Each structure stands twice: as C-alpha cells, then as structure tokens.
Amino acid sequence: MNAIKKIIIGNKLNLDQKNKSVKGLWWKRFFYSVTGATNDFGLGPNWFASVMGTGIIANAAASLPLFSDRLHSFAIVIWCLASLMLVGLVMGTCLFLVRGQNVWKKHFSDPMMAQFYGAPPMAMLTVAGGTLILGETVIGLDLSVTIAWTLWFLGTIAGLASAVIIPYRLFTKFKVRKDSAFGGWLMPVVPPMVSATIGAMLVPYASEGVIRETMFYLCFAMFGLSLVAAMIIISMRWRRLAHHGTSGTSRVPTLWIVLGPLGQSMTAAGVLGSVAAGAIPSKIAVGFELFAVLYSVPIFGFVLLWTCLATLLTIRAHRRQMRFALTYWAFTFPVGTCVTGIALLYHHTGLPLFAWVSIFFYIGLLTAWVVAAFGTTKGMITGHLFRPPPQGSPIISVKESDFTGDILDDEDK
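Residues numbered from 1 in each chain as written. Predicted model: local features only at pLDDT ≥ 70, side-chain atom pairs only at ≥ 80, totals over all residues. Heavy atoms only, no water.

### Quick look at the overall build of the chain
Then comes step 1: Helix and strand content of the chain: 14 helices and zero strands.
Then comes step 2: Order of helices (α) and strands (β) in the chain, N terminus to C terminus: α-α-α-α-α-α-α-α-α-α-α-α-α-α.
Then comes step 3: Per-residue burial for the chain yields a buried fraction of 51% across its 413 residues.
Then comes step 4: Intrachain contacts of the chain at a sequence separation of at least 6 include 82% that bridge at least 24 residues.
Then comes step 5: Of the roughly 20,700 Å² that the chain leaves accessible, carbon and sulfur atoms contribute 68%. (Helix = DSSP H or I, 4+ residues; strand = E, 2+ residues; numbered from the N terminus. Buried < 20%, exposed > 50% of the residue type's maximum accessible area, 1.4 Å probe, protein only. Contact = heavy atoms within 4.5 Å. Areas by Shrake-Rupley, 256 points an atom, 1.4 Å probe, with all protein chains shown as cover.)

### Re the packing of helix α6 (residues 119-139) against helix α8 (residues 191-202)
Then comes step 1: α8 packs onto α6 with a crossing angle of 20° between their chain directions and a minimal axis gap of 10 Å. Judged on the interaxial angle alone, α8 and α6 are roughly parallel. At the point where α6 passes α8, the crossing takes the left-handed sense. Along its contact with α6, which presents P121, M122, L125, A128, G129, L132 and I133, the element α8 presents P191, V194, S195, I198, M201 and L202. (Axes fitted to C-alpha atoms, helices over the stretch in contact; angles between N-to-C directions. Parallel < 35°, antiparallel > 145°, perpendicular 65-115°, else oblique. Left-handed = near helix turned anticlockwise from the far one by under 90°.)

### Some words on the environment of M193
Then comes step 1: Here M193 lies in helix α8.
Then comes step 2: Exposure remark for M193: the relative accessible area of 0% places this residue in the buried category.
Then comes step 3: Sequence separation between M193 and A230 is 37 residues, and the spatial gap between their C-alpha atoms is 9.8 Å.
Then comes step 4: Not counting residues up to four positions away in its chain, the partners in contact with M193 are M222, F223, S226, L227, P261, Q264, S265 and A268.

### Quick word on helix α12 (residues 333-349)
Along an α-helix, a turn takes 3.6 residues, which lines up residues three or four apart on a common side.
Then comes step 1: Helix length check: α12 (17 residues) gives 24 Å between terminal C-alpha atoms against 24 Å at 1.5 Å per residue, within 8%.
Then comes step 2: Summarising burial for α12: 13 of the 17 residues are buried, a large majority.
Then comes step 3: Immediately downstream of α12, the backbone of G350 shows phi near 75°, a positive value. (Expected span 1.5 Å × (residues − 1).)

### Overview of a nonpolar patch on the surface
Then comes step 1: On the surface, a nonpolar cluster with roughly 230 Å² of combined accessible area is contributed by V138, I139 and L143.
Then comes step 2: Here L143 is to be found in helix α7 (residues 141-172). (Patch = residues over 30% accessible without salt bridge, like charges linked within 9 Å, V, L, I, M, F, W, Y side chains within 5 Å. Salt bridge = Lys/Arg side-chain N within 4 Å of Asp/Glu carboxyl O.)

### Let's talk about the packing of aromatic side chains
Then comes step 1: Under the defined criterion, the tally for this structure stands at 20 aromatic pairs.
Then comes step 2: Considering the side-chain rings of W149 and F153, the 5.8 Å spacing of their centres and the 25° angle between planes classify their relative orientation as stacked. Pair noted here: W149 and F153 are both in helix α7, with a separation of four residues, about one helical turn.
Then comes step 3: Of the residues examined, W149 reaches a relative accessible area of 17% and is grouped as buried.
Then comes step 4: Taken together, a centroid distance of 6.1 Å and an interplanar angle of 90° make the contact between F360 and F361 edge-to-face.
Then comes step 5: Judged by relative accessible area, which is 58%, F360 ranks as exposed.
Then comes step 6: On the basis of relative accessibility, which here comes to 5%, the residue F361 falls in the buried class. (Phe/Tyr/Trp six-rings, centres within 6.5 Å; stacked < 30°, edge-to-face > 60°.)

### Digging into helix α4 (residues 72-98)
Then comes step 1: The terminal C-alpha atoms of α4 lie 39 Å apart, and with 27 residues this matches the ideal 39 Å at 1.5 Å per residue to within 8%.
Then comes step 2: For α4, the full list of buried residues reads A75, I76, I78, W79, A82, S83, L86, L89, G92, T93 and F96.

### Quick word on the side chain of T267
Then comes step 1: In this structure, T267 sits in helix α10 (residues 259-275).
Then comes step 2: Those residues in contact with T267 that lie beyond four places of it in its chain are T197, T337, T340, G341 and L344.

### Here's the deal with the environment of I166
Then comes step 1: Its location among the elements puts I166 in helix α7.
Then comes step 2: Exposure remark for I166: the relative accessible area of 2% places this residue in the buried category.
Then comes step 3: Here the alpha-carbon distance between I166 and G118, two residues 48 residues apart in the chain, equals 8.8 Å.
Then comes step 4: Beyond its immediate stretch of four places on either side in the chain, I166 contacts F108, A114, Q115, Y117, A161, F174 and P188.

### With respect to the side chain of S195
Then comes step 1: Among the secondary structure elements, S195 is positioned in helix α8.
Then comes step 2: A relative accessible area of 1% means that S195 is categorised as buried.
Then comes step 3: Side-chain polar atoms of S195 contact the side chain of T156, separated by 3.0 Å.
Then comes step 4: In this view, S195 contacts L125, W152, G155, T156, A200, C219 and M222; residues no more than four positions away in its chain are not counted. (Polar contact = N/O pair within 3.5 Å; in protein donor to acceptor, adjacent residues only side chain to side chain.)

Spelled out as structure tokens, the structure:
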C-alpha cells in the first residue's frame, strides 16, 4: 500500500510540473507533458555539436591508419547517422524558429551561448567531408560531390559570418569578467579551418587552372585566418587558467575545444600538402608538402601536452560532481580532428608512432561519444536538456583554497 501511495503522490507531483498551456496535435501535447518543457524550447545552435561529434567518427574511421578498410562499413553507418541528425536538427530548428519557439535569439545575446553559433557551420562541413569520402559507395560519386560542394559553400559562408560577427559582439557588446575566457570562444573562429580542410579535399574536383589554384589559396588563407585567431584565444585561455583556475562546472569539457583548431590545422595542412601538386606550380607544391610535416610535428607535441592537462582538469571536475550538459560533446569533435591530423602525419612520414597514436585517440573518441550520446539521450528523455537553464550567478573560476606559498605572497605583504 505504501508503494502504491508513493506512486500516486509521485504522479500527482509530475502532473503539477507539466505544462498544461500547450495546445495542438497529440504528439506535441504528449511531448510537453512528458518533458515539462515550455514554449521557450531549448533547441539552440549548441545542439549541432552532436552532429560534429558524430560525423567526425566516420571521417576519422575512413582515414585511420591500419584499420580504415575494416572500418569502412562502420564509417558509412555513422556518416548516415550524422547526416540524418543534421537534417533533423535543421528541420526542427526551422520549425521552431517559424513558430517563435526557439532560443537562438536569446543565445545570440548571451556572452557564453553566442559562441556556439560556430557549431552549425562546422556540422555542415563535417557531413560534407564524410559525404565526399564515403558517399560514393551509397549515392554515387557525382551526387556525393554535388552535396559536398553545396554543404561546403553553406558552411563556409556561415562559418566566416560567425568568425566575424561573434567576436565583434564580444568586443563591442558582451560584458565579460576577467576570468570569462573559456574554450567556447574558439567555436566561432574554428569553422574557417574546417572549411580549409574540406575545401582542400574539393580542390581536385574544381576546374583546372585559375579556379583550382584560387580555390587552393583561399583554403590556405582560411587556414591562417582561423589559426592566428585560435592561437590568441588559446593564450587567453592559458592565462585564465594560470590566474583564476577552473570553474569545476559543466563548462570544464570546453577545455577540450582547444584540441579542435590544433588537430584541424594539422588535418588542413596535411590535405593541402597532398593536393598541392595538382593545383599549383610544382616548385611551390613541394613547399606545401614539406609544410605539412614541419608544421604538424610541433603541433603534435602541444596536442599531447594539452591532452594531458585537459584530462587531469576533467578528472578533477568529475570528482567534484560535475553535472552533464551538452558541453560534453566537446570531448568528441576536437579529439576526432586530432585523429585525422595525426593520421595524415603518418601518411606523409610513414612513421608507426603516428599511426598508433592516432588509433589511441580514436579509441578515446569512441569512448567520449558513448558518454556524450548516453547523457544526451537521457537528458532528452527526462526533458531537462530542452528547458532553458535557470538564471543564476556568473560562473567563477577558483583554485584550491588550502594551497599556500604563491610567488605573489611576498609582494602582497
């Protein structure tokens, strides 16, 4: 009897929390009743990070040393899943935007959430890369190239817009604390680097001559655009960690976003080096082939360093009961770009070290995807991921309170 009474009381409490104001088709009433969501539906640009994290699994599998042939079928399945996710999110976003039931406008005015406007372009570009690499088996070469070109143009335009507009708003409108710099600041400036990579893959499909050569140099220009901006932000991120520490909240996974521009730049340099011979004069092409190695090896070293630091800080946050959020998808795409970048380094050097390190990162990618996908699915079922986050005090970064002996102590005295 007590158990039955608890169930009845629990159901009554759930009914009290349900949104009874929603009217319309049965599925809509059912959805809002189960999740308790409101008309301020939380389907924002940050959701597209799930497409990025899923699509990179397919792209990385297709380039993985030693195992790419065995993973071909698996890669096609994941690419199809990522494509369906992209279509579904675009359709859902358009539907809710038309009905005025979306948080995109609110995110655009939020200093933290606005950074994730870089996710939709990268989602399109990631699927474009998978379509070009894997689509021929399913839909044929011609259609694959057409879709890849279309997604590349859309993703590049949107990505360049995010690289200009969001930093401009950060410089002129957003009020931020001294300890506000976080990995999400990289999101608006990384899309041009992804465009450089996918664009380089499309270079052989461009018309020979001036058009192909122009395409090649435009991709290299976007490489520089994104790289310089990313290095500035990474330096700011390091400074914040040194001066203020970490927040210990669900924002900690964004530390892994630092690997995104690093791994993606290695990938872009590797692909540009591979296609240079057919796009530009041979004397210059040799330089790009050398650059692919001379650039990627030092970046590879920093990738290993940051992976260790990010891992330790993530474990520290996990021990402090870090809650799940969509930021967990930051564990996936950045790690995936390291897989593709290191795999291309193996392609250019033939050194087994790079092959096995890329495989190690791929195992980490799969593990991270399972964690993020499980948490997202659970959050969708319970509904809390759809609800707007509660308004609270700003996230403040702190260091260990019981640590003494800082070098500044003498100066303070």
